[in-house]
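For reference, the chains in residue letters:
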Amino acid sequence: MHPDARRFLYHLVVVLGIGLFSPYAAHSADPKTGTWSGGGAIGFLANTPDGAAFAFNANADYFLNRNVSVGPLFQLAATGDLSQLGFSGQGKFWIDLPGTEHTAKLTLQAGLGFVHSDLVGSDTSWLIPLGIGVDYMLTTKISFTTTFLLNFTDLDTGGGADAHVMPGLTFGLRF
């Protein structure tokens, strides 16, 4: 297993462990101040140094109040020749969508971190993910999420196709 993938899996287990075994209740629906929520999503990441890639994202959110959360975002992208790992600290703003009785929320997020990519050569660069998404409550403990992220970076892997803006779309669950 590639060292970056192993490191990512380690961090994923830690984040999910915090969400699942935390002494604080994790809530999908209308989170309260001081609670944790975590999730994962799959989709694609376009314009990587090797074109479009399969993407997996995992996140944890600590709610400062019912409309603001902070926490880590892990992004993993892969093609046949590329492995890419991103980590950032994210801030999210949660907005109730009118007429949905608190079951659907618009999420706006921004963060700062780093991304490492291997293709012809490898490079590590800064990462600024900006995104918008929708969070729809399925049950009191599970929500369906969809997120569109624009990942701004300065990757140069020596393949002639440097990545500066990588748009991604993912679909997943939050618990």
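Fair warning: this is a prediction, and the values are worked out from it, not measured in the lab. (Residues numbered from 1 in each chain as written. Predicted model: local features only at pLDDT ≥ 70, side-chain atom pairs only at ≥ 80, totals over all residues. Heavy atoms only, no water.)

Student: Would you explain the overall build of the protein chain in this entry?
Tutor: For the protein chain, the count of helices and strands is 1 helix and 8 strands. Counting from the amino terminus, helix and strand elements in the protein chain follow one another as α-β-β-β-β-β-β-β-β. The 175 residues of the protein chain split such that 41% are buried. Working note: accessible area of the protein chain is about 8400 Å², and carbon and sulfur atoms make up 70% of it. (Helix = DSSP H or I, 4+ residues; strand = E, 2+ residues; numbered from the N terminus. Buried < 20%, exposed > 50% of the residue type's maximum accessible area, 1.4 Å probe, protein only. Areas by Shrake-Rupley, 256 points an atom, 1.4 Å probe, with all protein chains shown as cover.)

Student: How do you make sense of the side chain of Thr147 when you look at a structure like this?
Tutor: Positionally, Thr147 belongs in strand 7 (residues 143–155). Exposure remark for Thr147: the relative accessible area of 16% places this residue in the buried category. Contact partners of Thr147, with chain neighbours within four places excluded, come to Gln109, Ile132, Gly133, Gly168, Leu169 and Thr170. (Contact = heavy atoms within 4.5 Å.)

Student: How do you make sense of unusual backbone geometry when you look at a structure like this?
Tutor: With the exception of glycine, most residues fall at negative phi, and the peptide bonds are largely trans. You will see that Asn47, though not glycine, has its phi angle at about 60 degrees, which is positive. Along the chain, Asn47 falls in strand 1 (residues 36–48). Overall, Asn47 belongs to the partly exposed group, its relative accessible area being 43%. In the Ramachandran plot, His102 falls in the positive-phi region, its phi being about 65 degrees despite a non-glycine side chain. As for its position among the elements, His102 is in the loop between strand 4 (83–96) and strand 5 (104–118). With a relative accessible area of 42%, His102 lands in the partly exposed category.

Student: Would you take a moment to explain the pattern of salt bridges for this structure?
Tutor: Here the idea is simple: oppositely charged side chains can pair when their charged atoms come close. All told, the structure shown has 4 salt bridges when counted by the stated rule. Note that Asp135 and Arg174 form a salt bridge whose closest N and O atoms lie 2.8 Å from each other. Note that Asp135 is positioned in strand 6 (residues 122–137) and Arg174 in strand 8 (residues 163–174), a separation of 39 residues in sequence. Classification of Asp135 as buried rests on a relative accessible area of 4%. Take Arg174: its relative accessible area is 3%, and that puts it in the buried class. Each member of the salt-bridge network shares a partner with another, and the members are Arg66, Asp96 and Lys105. (Salt bridge = Lys/Arg side-chain N within 4 Å of Asp/Glu carboxyl O.)

Student: Sorry, what's going on with the confidence of the model for the protein chain here?
Tutor: Reading predicted coordinates in detail is not appropriate for stretches of low pLDDT. Counting all residues, the mean pLDDT for the protein chain is 85, and 79% of those residues have values of 70 or more. The weakest mean pLDDT in the protein chain belongs to helix 1 (residues 3–21) at 53; the strongest belongs to strand 3 (residues 68–78) at 97. Ignoring residues within four places in sequence, the model shows residues 19–27, a span with pLDDT below 50, making 15 contacts including any to other chains. (pLDDT = per-residue confidence, 0-100.)

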